[in-house]
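Observations on the model geometry
Below are the chains, spelled out letter by letter.
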Amino acid sequence: MRETAVADAAGQPVTRGVLREPFNQQVAFFRQKLGNLIPTERWDQVWKGQHDRGFMVAGAMKADLLSDFAAAVDRSITEGKSLEAFRKDFDDIVKRHGWDYTGERNWRTRTIYTTNMRTSYAAGRLAQLREGGFSHYMYRHGGSLEPRPEHLAWDGMVLPANHPFWETHYPPNGWGCSCRVVGLRNPEDARSLGGDPDRQLPEGWDAIDAVTGEPDGIGKGWGYAPGDTVSEAVQQMAAKTVQWEYTLAKAFMQNVPETVRDALSQSYRQLPSVADDLRRYAQRVLTDGAANVPQYRTLGLLTTAQAGQINTLTGLNVSGFDVAVDAHAVRHIQRRHGNDVTEAARGQRAITAADYARLPQVINEPEVIEDAGLSNKSRRQLVRLIKQLGDERWVVVAEVRGGRLMLALETLYIVKSR
């Protein structure tokens, strides 16, 4: 679902967002929550604006379980992953932790996924609208098949940006609500977007429902504007980001405290969807060529301990670096280590696209990290990571690329145990 607000004086859209294509302010909002992972028994233990500054999943009480869920949701938002990809990660997390959750699986996963997607999107949009200085906002109904009558009544309505209506009615306004807000420079601009600047607020719009404690049409606990309390911080974080896709998520992770960042990085590498994407990425490179796919595919940030070990070995500061697969390296590995006969003669086995799915496991828990000298081609520092997986010894060699803050895959080979 794509939406673009009214263009500014230069003809450029000031606000833009796609639910499955993250934008800076959306990522910034979610990332600034990750430093505060909140264990809870019930969903209402974190109330309204408290969600602006912390992440929770109802019933997730253990730190490592909450970290795994945070990593899965973070990936869904920052990398635009589908509900089905999130469900696969959810199932794996539940199995590993033996988590006994309430509710039916499809309902529970959809609730976690859509709630975090829509509130982060709404909060990011609010930061954009405020930064853009729009004088008026227009409410737009999300097009639900079973719409709430009140939300339909607000559709196309235009009010000043500082009107108290937005304090309680800025969407989403309940579980599953997909309504949104469009910013306007002039109320009359609403007409070209299907709105009506002459429409008045329904009488009694702020009357409180005795059951929900919210105005009519607002779900319990939803009578607040997501991101309202942190929009200035979100704007500042977003402004620091380099504007290209690969660095978007990584840049914001630098704002998360080290201990939490380490846990999230390790959780990220345990997600089945990460392994699946790496396998598919390698297959695309081998099928379509390195020039036809994004050059890099991240495996997540180095942990503080790994960065410290590499610093001791090489003298290089790699704090905040991630490990990444370089498409050109995938082609190189195929030429160098993709032949069954040649590899067998070396006591090794040929690398396949499926092997890339196990790289996160090697990066998460290498048994050895060592100095591998300098690259013959680039003269950059190389680092070797080694891990025994079953009867095979996996050897990953990565190049330190300071300009991109990454350890980029240089080569990979697998030694068969004798």
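My aim in this report is to walk through the structure given alongside it, one point at a time. (Residues numbered from 1 in each chain as written. Predicted model: local features only at pLDDT ≥ 70, side-chain atom pairs only at ≥ 80, totals over all residues. Heavy atoms only, no water.)

**With respect to the layout of surface pockets**
In this structure, the second largest pocket encloses a volume near 600 Å³. Of the residues forming the lining of the second largest pocket, the biggest block, seven residues, is contributed by helix H4 (residues 105-132). In terms of residue class, the lining of the second largest pocket is built from 14 nonpolar, nine polar and seven charged. (1 Å grid on protein atoms, 1.4 Å probe; cavity = no way out; pocket = protein on both sides within 12 Å on 5 of 7 lines; lining within 4 Å. Points joined across faces, edges and corners; volume = space filled by probe spheres on them. Helix = DSSP H or I, 4+ residues; strand = E, 2+ residues; numbered from the N terminus. Nonpolar A, V, L, I, M, F, W, Y, C, P; charged D, E, K, R; others polar.)

**Regarding the sheet that holds strand S4 (residues 158-160)**
Overall, antiparallel pairing links the three strands, which are arranged S4-S3-S5 in an open sheet. Strands with a single pairing partner mark the edges of an open sheet, and in this sheet they are S4 and strand S5 (180-184). For this sheet the average axis-to-axis angle between neighbouring strands, irrespective of direction, equals 35°. Looking at chain direction, strand S3 (residues 136-140) and S4 are connected through three bridges and run antiparallel. Looking at the pairing, Tyr137 lines up with Leu159 of S4. The strands touched by H4 are S3 and S5; relative to S5, the strand with the most contacts, the crossing angle is about 10°. (Pairing = 2+ DSSP bridges. Axes fitted to C-alpha atoms, helices over the stretch in contact; angles between N-to-C directions. Contact = heavy atoms within 4.5 Å.)

**Concerning the environment of Ala353**
Among the structural elements, Ala353 can be located in the loop between strand S8 (348-349) and helix H14 (359-364). Placed 50 residues apart in sequence, Ala353 and Thr303 show a C-alpha to C-alpha distance of 26 Å. Ignoring anything within four residues of it in the chain, the contact list for Ala353 reads Arg279, Ala282, Gln283 and Leu286.

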